[in-house]
Amino acid sequence: MKKILIIFILIFTSCENDYLDVVPDNIATIDLAFNTRSTAENFLSTCYSYIPEHAHVEQNFSMLAGDEVWYYAENDFYMNNETSFRVAKGMQNSSSPYLNYWEGGRGAPRSLFIALRDCNIFLKNLVTVPGLEEEERLRWLDEVKILKAFYHFWLMQMYGPIPIVESNISVSASAEETNVYRASIDEVVTYLTELIDEVIEADNLPGLINYVYTEQGRITMPIAKALKAKILMLSASPIFNGNKDFSSLIDNQRNSLVNQSYDPQKWVLAKDALLEAIKSAEANGHSLYQFNQQLPIIGGINDEVTQELSLRAAITEPFNSEIIWAFSADWTGELQQWCQPRWSADHSALFGYTKKSHAPTLNMVETFYTRNGVPIDEDISWEYGNRFDVVQTPILGPNNENYHEFYIENDYATAKLHTFREPRFYSTLGFDGGKWFSLETENINNIPHLNAKAGAPSGKQGFEIYSITGYFAKKLVHYENIIALESSTIKGYSFPIIRLSDLYLMYAEASNETKDAPDADVYEYIQKVRDRAGLDEGSDLVSTWQMHSSNPSKPVTKDGMREIIHQERMIELALEGHRYWDLRRWKLAGEYFSKPIRGWNIFKPDVEGFYEVENIFYRNYLTKDYLWPISQTELLRNPNLIQNPGW
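Residues numbered from 1 in each chain as written. Predicted model: local features only at pLDDT ≥ 70, side-chain atom pairs only at ≥ 80, totals over all residues. Heavy atoms only, no water.

Draft legend 1. How the structure looks around the overall build of the protein. A count of helical and extended segments in the protein gives 23 helices and 10 strands. Counting the 647 residues in the protein, one finds 62% classified as buried. For the protein, restricting intrachain contacts to residue pairs at least 6 apart in sequence, the fraction spanning at least 24 positions comes to 71%. Put simply, the protein shows about 23500 Å² of open surface, and 49% of that area lies on carbon and sulfur atoms. Distance between charge centroids for the protein: 2 Å, based on 57 positive and 87 negative side chains. (Helix = DSSP H or I, 4+ residues; strand = E, 2+ residues; numbered from the N terminus. Buried < 20%, exposed > 50% of the residue type's maximum accessible area, 1.4 Å probe, protein only. Contact = heavy atoms within 4.5 Å. Areas by Shrake-Rupley, 256 points an atom, 1.4 Å probe, with all protein chains shown as cover. Lys, Arg positive; Asp, Glu negative; His and termini not counted. Charge placed at Lys NZ, Arg CZ, Asp CG, Glu CD.)

Here it is in structure tokens:
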């Protein structure tokens, strides 16, 4: 494609109330859309254009709707988020739902059922197009089939059982024909996996994108296989695998929409699909990212900074080896501005670039392991009960080394919570006293640090634009960004939708669920992720727990290993939106999201005052919140639809 973001404006995207799967009655317009290769390519771009912007905290509400990130306000002069942030606060409703991807609106740019309808129009009409080679035509068709599976999957994550839009209904269809039913989860999963299998067997998709600047984000075979695996993973997870909370989801034909019987075979299917996806990705050059560039820094970069950049740039380096699917390199500039803290006068002067308000919560900060690679409440050498105490750096390690030399400013008072944590803690988070490496760093021995107390550059200085928790999302900010009066650069990147470490950890999870006790097959891929993160000291996670944990047998039991895998995913994929979906599919959202949102007392300028833990918000996450409500208007329009439980 000339550029995947070209949007072909189609008259037939306004089809009034029967948007669900009714073909529009303007065939002349459709014929024009397929009379040349160029117009057909524009229609292909239209099918892609419905992908929610994954770096947009409203469209990709999973970044904000849980407990991982918090903002200081819903709206003011600089910001307006009365959608995903209200979902985070438990303000969802069924009269006019926020992020209404069913109908479009309230933060959702368009209905995904319109996306599915346009995909079906494309699949039906891309038959013979002048100038379009047959090999390319077949590739385009299979790309759109995968997009069709993705849009169904997105809706299924939100709403659970959904109508299957296999083909469009004629505009002359009766009202009875347009009043569709929701298909059961098992039916949706069967349809989607069969659709993807059809694409896999046809083998028309490329294994990788060779022309990254003109075809970035286009569907490949590893993407298709990864999507199939994620669909099967969702189907196998507790939210849809024998969940008694959804026993009332029975339509007016007496069809149960969520199977009430637990089926262990679903984990086997997910595991097999994940292994196939991993092998396909690796065969096509995907691997865990390792930073190996030379940078114009006095003294060069050392092992600690190289390690940090391996973890950070796995997200921010466009289309690197770890990213299986990302879409558009232009979506992340605004997100980075909301994540960027200040440590210089130039930063404060250019406050539009340094809004510092996308604030990780203390809830997720405590998720990261200690330096020893185990949870902070299990490490036998880490004083968990004193984690909020103030300590003065440097704090020397057991071998008299300054572990924090490149992580925390020397001679600085900070929380014990920030000390002796794993490398991903320091690569993911900015915090009071924490160092922030970027190309603004001139000398490796003088990396700038943050001061997040009230009145300080990174702290609260007015009524607007500040971190409500005292933390900052370092992971989402490109290390090449430079904010300076003479010249500023925000390097955009492609926000990952699927990356290899995600598949590795899902495989470990699925494999663990298929066994009575974990074995080498369970450990293999989670160990790859931990090795890249600098954990386990060249050994393995089983040995790490034996040496450092108060629960040394944890990784050799199925339940214990499940907890480890859950925590590993929340750490490795932090701030990418996965935590929200994972906690829902594990049926743990009620436990996590009902805890108070916590941070430091950012209103205080002194050390003792700042390091008081503050409860910022209380929410009671209810069973009904596991599924999105269908609007009352839509239920009245189509009497064959039933509402999700509790709404």
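We are not done yet, so read on.
Draft legend 2. Quick peek at helix α18 (residues 541–548). Burial of α18 is extensive: 6 of the 8 residues sit out of reach of the surface. Taken together, the buried positions of α18 are L541, V542, S543, T544, W545 and H548. If you follow the buried residues of α18, they end up packed against α17 (520–532) and α19 (558–572). Taking the backbone nitrogen of V542 as reference, a side-chain oxygen 3.1 Å away marks D540 as the first, capping residue of α18. (Polar contact = N/O pair within 3.5 Å; in protein donor to acceptor, adjacent residues only side chain to side chain.)

Draft legend 3. Highlighting the nonpolar core. With 181 residues, the main nonpolar core has F61, F122, Y151 and L476 as its most contacted residues. Among the elements that take part in this core, helix α5 (residues 134–159) stands out by supplying 14 residues, more than any other. Once residues within four sequence positions are removed from consideration, F61 is found in contact with S84, L99, Y101, W154, M158, Y580, W581 and W628. Listed in part, the 13 residues of the second largest apolar core include F291, A313, F437 and I444. (Core = buried A, V, L, I, M, F, W, Y, C linked by side-chain atoms within 4.5 Å.)

Draft legend 4. Region of the structure containing unusual backbone geometry. Along the chain, T393 connects to P394 via a cis peptide bond; the corresponding omega equals 5°. For P394, the position within the fold is in the loop between β4 (390–392) and β5 (413–415). Located in the positive-phi region is F420, a residue other than glycine, with phi close to 50°. Along the chain, F420 turns up in the loop between β5 and α15 (423–428). Non-glycine residue D536 carries a positive phi angle of around 70°. On the accessibility criterion, D536 (2% relative accessible area) is buried.

Draft legend 5. A look at a nonpolar patch on the surface. Taken together, the side chains of F77, Y78 and F351 make up a nonpolar region of the molecular surface, amounting to roughly 340 Å² of accessible area. Inspection of the secondary structure puts Y78 in the loop between β1 (69–70) and α3 (84–88). (Patch = residues over 30% accessible without salt bridge, like charges linked within 9 Å, V, L, I, M, F, W, Y side chains within 5 Å. Salt bridge = Lys/Arg side-chain N within 4 Å of Asp/Glu carboxyl O.)

Draft legend 6. Region of interest: the environment of E322. When you line up the elements, E322 lands in the loop between α11 (303–316) and β2 (323–326). Considering only alpha carbons, one finds E322 and I497, 175 residues apart in sequence, at a separation of 11 Å. What E322 contacts, discounting residues up to four positions off in sequence, is H286, S287, L288, Y289, A314, R499, L500, S501, R532 and E572. One polar contact links E322 to S501, side chain to side chain, over a distance of 3.0 Å.

Draft legend 7. Representation of the packing of helix α9 (residues 221–236) against helix α16 (residues 500–513) within the structure. Viewed as axis vectors pointing N to C, α9 and α16 meet at an angle of 40°, and their least axial separation amounts to 11 Å. With respect to α16, the element α9 is oriented oblique. The way α9 lies across α16 gives a crossing that is left-handed. Seen from α9, the contacting residues are A226, K230 and M233; seen from α16, they are D502, L503, M506, E509 and A510. In the contact of α9 with α16, the residues fall into 5 nonpolar, no polar and 3 charged. (Axes fitted to C-alpha atoms, helices over the stretch in contact; angles between N-to-C directions. Parallel < 35°, antiparallel > 145°, perpendicular 65-115°, else oblique. Left-handed = near helix turned anticlockwise from the far one by under 90°. Nonpolar A, V, L, I, M, F, W, Y, C, P; charged D, E, K, R; others polar.)

Draft legend 8. Quick peek at the pattern of salt bridges. Summed over the entire model, instances satisfying the criterion amount to 49 salt bridges. With a shortest N-O distance of 2.5 Å, K145 and E198 are connected by a salt bridge. One end of the pair, K145, is in helix α5; the other, E198, is in helix α7 (residues 185–202), with 53 residues separating them in the sequence. Taken together, the salt bridges that share partners define one network made up of E322, E422, R424, K475, R499, R530, R532, D536, E568, E572 and E576.

Draft legend 9. Local environment of the environment of T544. Inspection of the secondary structure puts T544 in helix α18. Residue class for T544 comes out buried when judged on its relative accessible area of 1%. Along the primary structure T544 and N372 are separated by 172 residues, whereas in three dimensions their C-alpha atoms are 7.3 Å apart. Dropping the residues within four chain positions of it, T544 is found in contact with N372, G373, V374, R530, D536 and S549. Only 2.6 Å separates the side chain of T544 from the side chain of D536, close enough to count as a polar contact.

From the geometry alone we can't say anything about function, so treat these as descriptive.
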